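Take a look at the letters that make up each chain.
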Amino acid sequence: MIHSSNPKAQYLAHKDEIDSAIQGVLSKGQLILGENVYAFEKEFSEYIGSKYSIGVGNGTDALFLAMRAMEFGPGDEIITPSYTATATIASIVMTGATPVFTDVDPIHHTLDPSSISKAITPKTKGIIVVHLYGQPADMDGILDITRQNNLKLIEDCAQAPGATYNSRRVGSIGDAGCFSFYPTKNLGALGDGGAIVTSDSSLANQVKKLRQYGWDDSRVSQCAGYNSRLDELQAAVLRVKLKYLDTDNARRNALAKKYKKELNHLPIESAPQRPNCSHVYHLYVIKVKERDALVAHLKSCGIIVGIHYPVPVHLMPAYLTKQNSRLKNTEFISKRVLSLPIFPELTELNQFQVISNLKDFFQP
């Protein structure tokens, strides 16, 4: 069976180092906010190009805590794409703010600046931009809007660690960058984990308080906080994997290049790479008219593909009351996309099987 992603293969690729790192944590006995967390925070901020990194419990919490540190809450509106993982929207609702769903561009599937401009009201407090599939969004267009309207900008980088926009790594461009280290991500832990990066010292200090009950250094709550900490075991694993992130992303690019070359003549569309950007291919997403039939065909051949995303968030029952306007591009794309297997350990043989069975479907 060939799956869309394979966290176990990633573990096995670095098994000795990961096992040694875990044993090191267990032998020392400090399991929460210890030397591995602080070392990872330093290494990750240096990698991203931001001054600060704060490890938290997961990617949803990263978004939530960034917004709480910016004092987003009831009565505020946050502009965001509907075409994203539900976590992006859930984090907004957790703050008490209202998500305002906007459309994506039909080519790259990322947040469309022209859609943002139409959605701004006096209640708009900020924008969450999603670097989808591993591809940076149109940051110049979005930054122009945030500057003109004095809005905060949060980057949801869950799918794009290592990607660059005009030679800057995503996460270092807006007011804060938020990352998920869920096991299937390009930089994945062996459980949940997340981080917030920023170059704003006051924002970083506030997030550090919020992640642990609002405590100061004397464990006195200076504000009402939460419990969302990256643990030592996950930090130790992430320190190992961070060393290989660029190599793994390069392998993902090689696999994507092979897909493009071999599938170019088929009735398949794939989002092109944005100019002056690097893509890290968390997902390799194609658009096809006969999606359901193709998914069934590939499954019968032992190939499990993903669909990111079959139902846009603004059409989910939990969020229907938030906004009812139609998002033309989002709704069209969601009916046609599927994600082919792509991860650094995918073998040439397995990729050949995927490609061969795709060709068989379109050219029986």
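Higher on the page you've got the structure.
For clarity, every value in this text was computed on a predicted model and none was experimentally measured.

Draft legend 1. Summary view of the packing of aromatic side chains. The tally for this structure, following the rule as stated, stands at eleven aromatic pairs. Between the aromatic rings of Phe44 and Phe179, the centroid separation amounts to 4.9 Å while the plane-to-plane angle is 85 degrees, which identifies the pairing as edge-to-face. Taken together, the residues Phe44 in helix 3 (residues 35-48) and Phe179 in strand 8 (residues 176-180) connect sequence positions 135 residues apart. The exposure class assigned to Phe44 is buried, which follows from its relative accessible area of 0%. Ring centres 5.0 Å apart and planes at 90 degrees place the aromatic pair Phe361 and Phe362 in the edge-to-face group. Overall, Phe362 belongs to the buried group, its relative accessible area being 18%. An aromatic cluster of three or more residues is present, and its members are Phe40, Phe44, Phe179 and Phe181. Here the basic side chain of Arg169 rests over the ring of Tyr47, its NZ or CZ set 4.0 Å away from the ring centre.

Draft legend 2. How the structure looks around the sheet that holds strand 7 (residues 168-169). Strand order in the open sheet made by the three strands is 7-6-11, with antiparallel pairing throughout. Of all the strands in the sheet, just strand 7 and strand 11 (277-278) have a single pairing partner and so form its edges. Relative to strand 7, strand 6 (residues 164-165) is paired through two bridges, and the arrangement is antiparallel. Counted as the bridge partner of Thr164 is Arg169 from strand 7.

Draft legend 3. A look at a nonpolar patch on the surface. A contiguous nonpolar patch, built from Leu26, Leu31 and Ile32 and spanning about 260 Å² of accessible area, is present on the exposed surface. Topologically, Ile32 is positioned in the loop between helix 2 (15-28) and helix 3.

Draft legend 4. Focus on the nonpolar core. Formed by 24 residues in total, the largest nonpolar core has its most connected members in Tyr259, Tyr284, Leu340 and Leu358. Elements with a minimum of two residues in this core: helix 10 (245-263), strand 12 (284-287), helix 11 (291-300), strand 13 (337-340) and helix 13 (348-362). Aside from chain neighbours lying at most four places away, what touches Leu340 is Ser4, Tyr259, Leu263, Tyr284, Ile286, Val305, Val354 and Leu358. Core analysis: the second largest hydrophobic core is formed by 23 residues, Phe64, Leu65, Cys178 and Leu210 among them.

Draft legend 5. Region of the structure containing the sheet that holds strand 5 (residues 152-156). Taken in spatial order, the seven strands of this open sheet run 1-9-8-5-4-2-3, and their pairing is mixed. Looking along the sheet, the strands with just one partner apiece sit at the ends: strand 1 (52-56) and strand 3 (98-102). Adjacent strand axes in the sheet meet at a mean angle of 25 degrees when their direction is disregarded. Where strand 8 and strand 9 (residues 194-198) come together, four bridges link them in antiparallel fashion. Bridge assignment links Cys178 to a residue of strand 9, and that residue is Ile196. Here helix 3 sits on the sheet and contacts strand 1, strand 8 and strand 9; the angle it forms with strand 1, its principal contact strand, is near 130 degrees. Across the sheet, helix 8 (residues 201-210) touches strand 1, strand 8 and strand 9, and the angle it forms with strand 1 is around 20 degrees.

Draft legend 6. Summary view of the pattern of salt bridges. Tallied over the full model, the rule gives 14 salt bridges. The shortest N-O distance in the salt bridge between Arg239 and Glu43 comes to 2.8 Å. Highlighted residues: Arg239 in helix 9 (residues 232-242) and Glu43 in helix 3, separated in sequence by 196 residues. A residue is classified by how much of its surface remains accessible, and Arg239, at 28% relative accessible area, is partly exposed. Overall, Glu43 belongs to the partly exposed group, its relative accessible area being 25%.

Draft legend 7. How the structure looks around helix 5 (residues 86-95). Taken together, the buried positions of helix 5 are occupied by Thr88, Ile89, Ser91, Ile92 and Thr95. Viewed end-on, helix 5 has its buried residues packed into an arc of 155 degrees, placing them on one side of the element. Summarising the contacts, the buried residues of helix 5 are in contact with helix 4 (59-69), strand 2 (77-81), strand 3, strand 4 (124-130) and strand 5.

Draft legend 8. The arrangement of the pairing of strand 9 in detail. Counting buried positions over the five residues of strand 9 gives five, a clear majority of the element. The alternating pattern of strand 9 places Gly194, Ile196 and Thr198 on one face and Ala195 and Val197 on the opposite face, and all of these are buried. Across five bridges, strand 1 lies against strand 9 in antiparallel orientation. Bridge assignment links Ser53 to a residue of strand 9, and that residue is Val197.

Draft legend 9. Region of the structure containing unusual backbone geometry. In this structure, the amide linkage connecting His308 to the following residue, Tyr309, adopts the cis form with an omega of 20 degrees. In this structure, Ser167 takes a positive phi of about 70 degrees despite not being glycine. Structurally, the position occupied by Ser167 is in the loop between strand 6 and strand 7. Looking at Ser167, the relative accessible area reads 72%, which means it is exposed. Of note in this structure, Tyr213 is not a glycine but carries a positive phi near 65 degrees. Mapped onto the secondary structure, Tyr213 falls in the loop between helix 8 and helix 9. For Tyr213, a relative accessible area of 31% gives the class partly exposed.

Cut-off values and rules
Going along each chain's sequence as written, the residues are numbered from 1 onward. In keeping with the model being predicted, local features are shown solely for residues with a pLDDT of at least 70 and side-chain atom pairs are shown and tallied solely at 80 or more, while totals for entire chains, interfaces and linings include all residues. Side-chain metrics in this entry use all non-hydrogen atoms of the structure; hydrogen atoms and water are not considered. Stacked, edge-to-face and tilted labels apply to pairs of Phe, Tyr and Trp rings (six-membered ring for Trp) whose centres lie within 6.5 Å, assigned for plane angles under 30 degrees, over 60, and everything in between, in that order. The numbering of helices and of strands both runs from the N terminus, where a helix is a DSSP run of H or I of at least 4 residues and a strand a run of E of at least 2. When accessible area is computed with a 1.4 Å probe and restricted to protein chains, residues below 20% of their type maximum are described as buried, those above 50% as exposed, and intermediate ones as partly exposed. Definition used: whenever NZ (Lys) or CZ (Arg) falls within 6 Å of the ring centre and also within 35 degrees of the ring normal, the charge is taken to sit over that ring. For two strands to count as paired, DSSP must find a minimum of two bridges between them. Two joining distances apply to patches: 9 Å for like charges and 5 Å for nonpolar side chains (Val, Leu, Ile, Met, Phe, Trp, Tyr), and every residue must have over 30% relative accessible area and no salt bridge. Computed by Shrake-Rupley with a 1.4 Å probe, the accessible areas treat only the displayed protein chains as cover when residues are assessed. Any carboxyl oxygen of Asp or Glu that lies within 4 Å of a side-chain nitrogen of Lys or Arg is treated as forming a salt bridge with it. The definition of a nonpolar core used throughout is a set of buried Ala, Val, Leu, Ile, Met, Phe, Trp, Tyr and Cys residues joined through side-chain atoms within 4.5 Å. What makes two residues a contact is simply this: any of their non-hydrogen atoms within 4.5 Å. Angular values range over 0 to 180 degrees, each being the angle between N-to-C directions of two axes fitted as lines to C-alpha atoms, with helices fitted over their stretch in contact. Arc definition: directions from the helix axis to the C-beta atoms.

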